[in-house]
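For reference, the chains in residue letters:
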Amino acid sequence: MNILEKLKKRWDGIDYPFLIYSNSELHFNDITKRKVVDLSDIQSGDVVAIIGDFDPQSILTLLHLIDKNVILVPLTSDTRSQHEYFFESALVDIVIEGDTIKNIKHTHKHELINHLRKIDHAGLILFSTGTTGRPKAILHDLTLFMKRYETTRPTLKTINFLLFDHIGGLNTLLHTLFNKGTVVAPKSRSVKYILQICADQKVEVLPTTPTFLRMMLISGLIPDSIPQSLRVITYGTERMDQPTLDALCELLPNVDFRQTFGMSELGIVRVKSKSRDSLFMKIGGEGVETRVVNNVLEIRSQTRMLGYLNADNPFDDEGWYNTKDIVEKRDKYFKVIGRTTEVINVGGLKFMASEVERVTLQFDGVELAKAEGKLNPITGQHVELTVQLASNSDINKVSLKAYLSKILPKHMLPKRIRVSLIPIGHTVSYTHLTLPTIYSV
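Please read all numbers here as calculations on a predicted model, not as lab measurements. All residue numbers here refer to positions counted from 1 along the written sequence of the relevant chain. Local features in this predicted model are restricted to residues whose pLDDT is 70 or higher, and side-chain atom pairs enter the listing and the counts only when it is 80 or higher, whereas totals over whole chains, interfaces and linings include all residues. Only hydrogens and water are set aside when side-chain values are computed; all heavy atoms of the structure are taken into account.

Caption draft 1: Region of the structure containing the overall build of the chain. Each helix is a run of H or I in the DSSP string that is no shorter than four residues. Each strand is a run of E no shorter than two, and both are numbered from the N terminus. On a plain count of helices and strands, the chain comes out with 12 helices and 25 strands. For the chain, whose C-alpha radius of gyration is 23 Å, the value lies close to the compact-globule estimate of 22 Å for 441 residues. Along the longest, intermediate and shortest principal axes, the C-alpha atoms of the chain span 70 × 50 × 40 Å. Burial analysis of the chain (441 residues in total) assigns 53% to the buried set. Residues are treated as being in contact if the distance between any of their heavy atoms lies within 4.5 Å. At a minimum sequence separation of 6, the contacts of the chain that also span at least 24 residues come to 67%. Accessibility throughout is a Shrake-Rupley quantity obtained with a 1.4 Å probe, and a residue counts as covered only by protein chains that appear here. In the form shown here, the chain has an accessible surface area of approximately 20,800 Å², with 47% of it arising from carbon and sulfur atoms. Charge separation in the chain, taken as the distance between the mean sites of 54 positive and 50 negative side-chain charges, equals 3 Å. Note on method: radius of gyration uses C-alpha positions; expected globular size equals 2.2 Å times residues raised to 0.38. Partly exposed residues are those whose accessible area sits between 20% and 50% of the maximum for their type, while under 20% is buried and over 50% is exposed, using a 1.4 Å probe and protein chains only. In this tally, Lys and Arg are treated as positive and Asp and Glu as negative; His is ignored, and so are the chain termini. For the purpose of locating charges, the reference atoms are NZ of Lys, CZ of Arg, CG of Asp and CD of Glu.

This is the structure we're talking about:
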């Protein structure tokens, strides 16, 4: 039985929608009645890029392509400037956008793609972000990936904040479909719109990012605009700071905050926050192992990718993956405190940029903070700090320096402080996943 047949059987007799898109309700029976683009010339093993969104046509085409055992490359129009690079790196044979199908001629081959074709398995190619160099093409065995949805699990009404080319966005869609839930696909990711659609559609789960949550705090729309239906807010893809989490927990006492952690290279891993106001989390689940080597988290997962198509294998001989996340460990819980690329070395004394940022964020009037190590001919590096002020705030640099001097040791004190706008999402992503990075209030 193929995926569409399984889903038809699961949704038989259910009269509520599985998708709310552009304020329209879509039942599963409605989507299966839609006319699908002609896929008759597409064969098992073809590498097919689909440029779409969580709209009815894209979802139906996606499900049909999985049933045809193709190697999927989900993309969005937002990354159009990179599409040629993606097509080349993923060895794309066919591009589908709406009703348009385009063939791409090339003679390139890759042993990992040939392996999937040999065993007649579907594939999934995602592209990394937040890493040095150009995005890496990450290849998964989609046939194995889909097995996680065979076991039914509880589901809540969820807004799909993440995008069509994001492993988390795809996971939300498939989890909802296979567990007879309802997913809401937003048209905009502004704070005002997201909170309004959460209220209008009685959304229960909001998966988002720390940056978006900081924008929520700045907006002044919470707690009054938070609907009573909202039960869970999950956050991930970048490091959360404790002051933001504390403020949210105080303002929204009836909402459960849960941290997420994942990497496209490793597939979906299960995470459990120690408590709603804690940044410590358990990382694991079936087939997932963790260890800490020199304070850096390493993970071994049975659901890991087959490999990169355009880069060297990142796994060691025993299958361990170095996340480059520096962690603090307490019992079975981990807290990410930074990246190996964020270590600052001043005269041989090493510390994380996040330690300076954490202290700076506690100063009244500071909305965002970014600490960086800059080359220094005497000490090797020194700290420079950029702060973004909250609206209607005005701080004195001398007062800020005096505050930092009381808390931070001398080698961690910034030699220069700038007051400027900080690009949203400046923190290096520790999940290597594609995310929307521009929000507005």
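So that's the structure; there's more coming.
Caption draft 2: Inspection of the pairing of strand 24 (residues 380-389) at higher detail. Here strand 24 lies mainly inside the structure; 9 of its 10 residues are buried. Think of it this way: DSSP has to see at least two bridges between two strands before they count as a pair. Note: strand 23 (residues 366-376) against strand 24, 10 bridges, orientation antiparallel. Paired with K374 across the bridge in strand 24 is H382. A loop of 3 residues connects strand 23 with strand 24, the two strands running antiparallel in sequence. Note that strand 24 and strand 25 (residues 414-419) share 5 bridges and pair parallel.

Caption draft 3: Broad picture of the sheet that holds strand 24. The strand order across the open sheet formed by 3 strands is 23-24-25, and the pairing between neighbours is mixed. A strand with exactly one partner marks an edge of an open sheet, and here the two such strands are strand 23 and strand 25. Neighbour-to-neighbour, the strand axes of the sheet open up by a mean angle of 20 degrees, direction not taken into account. A fitted line through C-alpha atoms serves as each axis, taken over the contacting stretch for helices, and the angle formed by two N-to-C directions is quoted from 0 to 180°. Its contacts with the sheet place helix 11 (residues 353-360) against strand 23 and strand 24, and it is angled at close to 145 degrees to strand 23.

Caption draft 4: Representation of the pairing of strand 16 (residues 288-293) within the structure. For strand 16 and strand 17 (residues 296-301), the ladder comprises 6 bridges, and the chain directions are antiparallel. When the bridges of strand 17 are listed, E289 appears paired with R300.

Caption draft 5: Main features of the nonpolar core. Side-chain atoms within 4.5 Å link the members of a nonpolar core, which is a set of buried Ala, Val, Leu, Ile, Met, Phe, Trp, Tyr and Cys residues. Formed by 42 residues in total, the largest nonpolar core has its most connected members in F18, L65, L72 and L177. For L177, the contacting residues outside a window of four places in its chain are L7, W11, F18, F28 and L63. Core analysis: the second largest hydrophobic core is formed by 29 residues, I159, L245, L248 and F257 among them.

Caption draft 6: View of empty space enclosed by the protein. Here a cavity denotes a set of grid points, spaced 1 Å apart and computed over the protein atoms alone, in which a 1.4 Å probe fits but from which it cannot get out, and a pocket denotes an open set meeting protein on both sides within 12 Å along at least five of seven lines; residues with an atom within 4 Å of a point are reported as lining. Grid points are joined across faces, edges and corners, and a volume is the space filled by probe spheres set on the points. Inspection of the entire model under this criterion finds 3 cavities of 30 Å³ or more. If you add up the space inside the second largest cavity, you get close to 60 Å³. Lining the second largest cavity, in full, are L62, I66, L72, L124, L142, F145, M146, L170 and L174. Broken down by secondary-structure element, the contributors of at least two residues to the lining of the second largest cavity are helix 3 (56-67), helix 6 (142-145) and helix 7 (167-178).

Caption draft 7: Region of interest: helix 9 (residues 210-219). Counting buried positions along helix 9 yields 8 of 10 residues, so the element is predominantly enclosed. Turning to helix 9, its buried residues number three or more, namely P210, T211, F212, L213, R214, M215, M216 and S219. Where helix 9 is buried, its residues contact helix 8 (191-200), strand 11 (205-208), strand 12 (232-235), helix 10 (242-251) and strand 23. Positive phi shows up at G220, right after helix 9, with a value of about 75 degrees.

Caption draft 8: Region of interest: the pattern of salt bridges. Any Lys or Arg side-chain nitrogen located within 4 Å of an Asp or Glu carboxyl oxygen qualifies as a salt bridge. Under the definition given, this model contains 14 salt bridges. A salt bridge links R239 to E357; the nearest nitrogen and oxygen atoms lie 3.6 Å apart. In this pair, R239 is assigned in the loop between strand 12 and helix 10 and E357 in helix 11, connecting sequence segments 118 residues apart. Between R339 and D325 there is a salt bridge, with the nearest N and O atoms lying 3.2 Å from each other. Of the two residues, R339 sits in strand 20 (residues 333-339) while D325 sits in strand 19 (residues 321-330), which places them 14 residues apart along the sequence. Like D325, R339 is buried. Each of R239, E342 and E357 takes part in a single network of salt bridges with overlapping partners.

Caption draft 9: Structural view of the sheet that holds strand 7 (residues 123-127). Taken together, the 7 strands give an open sheet; going across it, the order is 6-5-3-4-7-8-18, and neighbouring strands pair in mixed fashion. Each edge of the open sheet carries a strand with a single partner, namely strand 6 (100-103) and strand 18 (307-308). Across 5 bridges, the pairing between strand 7 and strand 8 (residues 137-141) is antiparallel. Its bridge partner being in strand 8, I125 is matched across the sheet by L139.

Caption draft 10: Quick peek at the packing of aromatic side chains. In this analysis, rings of Phe, Tyr and Trp, with Trp reduced to its six-membered ring, are considered paired at centre separations within 6.5 Å, and the interplanar angle assigns stacked below 30 degrees, edge-to-face beyond 60, and tilted for intermediate values. Going through the model one piece at a time under the given rule, you end up with 12 aromatic pairs. Aromatic pair F18 and F28: ring centres 5.9 Å apart, planes at 70 degrees, arrangement edge-to-face. Here the residue F18 occupies a position in the loop between helix 1 (3-11) and strand 1 (19-21), and F28 occupies one in helix 2 (residues 28-33), the gap between them amounting to 10 residues. In this structure, F18 and F28 share a single accessibility class: buried. Ring centres of F86 and F127 lie 4.1 Å apart, and the angle between their planes is 25 degrees; on these two criteria the pair is classed as stacked. With F86 in helix 4 (residues 83-89) and F127 in strand 7, this residue pair connects regions lying 41 residues apart in the sequence. Comparing F86 with F127 shows no difference in burial state: the two are buried. Through a chain of ring-to-ring contacts, three or more aromatic side chains come together here, namely W11, Y16, F18 and F28. For a Lys NZ or an Arg CZ to count as sitting over a ring, it must be within 6 Å of the ring centre and within 35 degrees of the ring normal. It is K274 that lies over the ring of Y333; its NZ or CZ is 5.6 Å from the centre.

Caption draft 11: View of the environment of K335. You can see K335 is positioned in strand 20. In this structure, the C-alpha to C-alpha distance between K335 and P227, residues 108 residues apart in sequence, is 30 Å.

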